[in-house]
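Here is what each chain is made of, one letter per residue.
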Amino acid sequence: MDVRAFGEEQAPFERARVVVLPVPYDLSLSFLPGARLGPEAILSASRELEPYDFELELDPARAGIHAAEEVPMVAGDATASHALIEDRARELLAAGKFVVALGGDHSITLPLVRAHHAALGAFGVLHVDAHDDLYDRWQGSPLSHASVMRRVHELGVPLVQVGQRAVARDSHAYLQAHAIPQFPARRIAREGLPLDEILEALPPRVYLSFDFDALDPSEMPAVGTPLAGGLRFGQALDLLEAVFEAKEVVGMDFVEFSPVGLFYPAMTAAQLVHRALGLKVRSAGW
């Protein structure tokens, strides 16, 4: 077995429709470190999953999944590191691959979105996260994980947010001024997932950016900035299923998984990615 495989089988690059791209970058983390170790932990856990998803009645590996070499980072240089991420994503997209990036901190979404926008044209971003990530700058950096969705939105990309529990005053003002649809976790806890509203807010084509701290820490403790009151795992699956059924998902990233010495959070993370892959395979008819 190839040590880089996602799941039990490493498909040759030429045959794979899907490329899992490890991006072990966490230069911009502002609290607990370790997200650079997330991709390796998720890949390792994925090889313990049952390949067949009985609820979807398919094996995502039938589409061919190739786990690529990790993107190298430039120590202490966010701009140069982001350029490497964007260049690698552009190469994969030019080869016709569906890219699933594993972070790493959330700032990696910016170069990934840039690459997808250049290659695929217009789409919106579904941002699932405990935080809104709309700071103009955080700790002096405009490329922080806490600023990533501000930078994405400034590209002219529509943004829809789900699962938030922490929003800064200035960020909230930006959100209101630009009428960014947001569906906070507390509302979801009270009313359930407003799937119809979320889908209505999204354009026909969607890039999914999923921060693992969107999940409640009782189910996902292995993140850099945990907050109580998050989504349940089943709610996350319901959200993904609805989005993949109604929209064309053009790419996705899963970020901010920080191993904490327990195996089950890595399995939870791998299971979520595996389900998302299965949903893409089903919706694309692969």
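Notes on the structure follow. All values reported here derive from a predicted model rather than from experimental measurement.

**Brief notes about the overall build of the protein**
Move 1: Helix and strand counts for the protein stand at 9 helices and 8 strands.
Move 2: Computed over the C-alpha atoms, the radius of gyration of the protein is 17 Å, within 12% of the 19 Å expected from 2.2 N^0.38 for a compact globule of 286 residues.
Move 3: With respect to the three principal axes, the spread of C-alpha positions in the protein is 50 × 45 × 40 Å.
Move 4: Per-residue burial over the protein gives 57% buried out of 286 residues.
Move 5: Counted over contacts in the protein with a minimum sequence separation of 6, partners at least 24 positions apart contribute 76%.

**Thoughts on the nonpolar core**
Move 1: Within the largest apolar cluster, 57 residues are counted, with the highest numbers of intra-cluster contacts made by Phe-212 and Phe-254.
Move 2: Residue contributions to this core peak at 9 residues, all from helix 9 (residues 263-284).
Move 3: When near neighbours in sequence (up to four residues on either side) are disregarded, Phe-254 contacts Val-100, Ala-101, Leu-102, Gly-103, Leu-208, Phe-210, Phe-212, Leu-272, Val-273 and Ala-276.
Move 4: The next biggest cluster of nonpolar side chains, apart from the first, holds 32 residues, and it includes Val-23, Ile-85, Val-152 and Val-250.

**Observations concerning a nonpolar patch on the surface**
Move 1: Taken together, the side chains of Val-260, Leu-262 and Tyr-264 define a hydrophobic patch exposed on the protein surface, amounting to about 280 Å² of accessible area.
Move 2: With respect to the helices, strands and loops of the structure, Tyr-264 is situated in helix 9.
Move 3: Judged by its relative accessible area of 42%, Tyr-264 falls in the partly exposed class.

**Looking at the environment of Leu-279**
Move 1: Here Leu-279 is to be found in helix 9.
Move 2: Its relative accessible area of 2% is what places Leu-279 among the buried residues.
Move 3: Linking Leu-279 and Val-206, residues 73 residues apart in sequence, is a C-alpha distance of 14 Å.
Move 4: If sequence neighbours within four positions are ignored, Leu-279 has contacts with Leu-56, Leu-240, Glu-241 and Phe-244.

**As for the packing of helix 1 (residues 38-46) against helix 9**
Move 1: Closest axis-to-axis distance for the helix 1/helix 9 pair is 8 Å, and the angle between their directions is 80°. Considering the angle they form, helix 1 stands roughly perpendicular to helix 9. Contact residues: Ala-41, Ile-42, Ala-45 and Ser-46 in helix 1; Phe-263, Ala-266, Met-267, Ala-269 and Ala-270 in helix 9.
Move 2: When the residues that make up the contact of helix 1 with helix 9 are grouped by side-chain class, the tally is 8 nonpolar, 1 polar and no charged.

**Observations concerning the packing of aromatic side chains**
Move 1: If you walk through the whole model with that rule in mind, you get 6 aromatic pairs.
Move 2: For the ring pair Phe-212 and Phe-257, a centre distance of 6.0 Å and an interplane angle of 75° mean the geometry is edge-to-face. Note that Phe-212 is positioned in the loop between strand 7 (205-211) and helix 8 (233-246) and Phe-257 in the loop between strand 8 (248-255) and helix 9, a separation of 45 residues in sequence. Taken as a pair, Phe-212 and Phe-257 share a single burial class, namely buried.
Move 3: Ring-pair connections join several aromatic residues into one group, and the members of that group are Phe-210, Phe-212, Phe-254 and Phe-257.
Move 4: In this structure, Lys-97 packs its charged tip against the face of Phe-13, placed 4.6 Å from the ring centre.

Conventions we followed
- Residues numbered from 1 in each chain as written.
- Predicted model: local features only at pLDDT ≥ 70, side-chain atom pairs only at ≥ 80, totals over all residues.
- Heavy atoms only, no water.
- Helix = DSSP H or I, 4+ residues; strand = E, 2+ residues; numbered from the N terminus.
- Rg over C-alpha atoms; globule rule 2.2 N^0.38 Å.
- Buried < 20%, exposed > 50% of the residue type's maximum accessible area, 1.4 Å probe, protein only.
- Contact = heavy atoms within 4.5 Å.
- Core = buried A, V, L, I, M, F, W, Y, C linked by side-chain atoms within 4.5 Å.
- Patch = residues over 30% accessible without salt bridge, like charges linked within 9 Å, V, L, I, M, F, W, Y side chains within 5 Å.
- Areas by Shrake-Rupley, 256 points an atom, 1.4 Å probe, with all protein chains shown as cover.
- Salt bridge = Lys/Arg side-chain N within 4 Å of Asp/Glu carboxyl O.
- Axes fitted to C-alpha atoms, helices over the stretch in contact; angles between N-to-C directions.
- Parallel < 35°, antiparallel > 145°, perpendicular 65-115°, else oblique.
- Nonpolar A, V, L, I, M, F, W, Y, C, P; charged D, E, K, R; others polar.
- Phe/Tyr/Trp six-rings, centres within 6.5 Å; stacked < 30°, edge-to-face > 60°.
- Lys NZ or Arg CZ within 6 Å of the ring centre and 35° of its normal.

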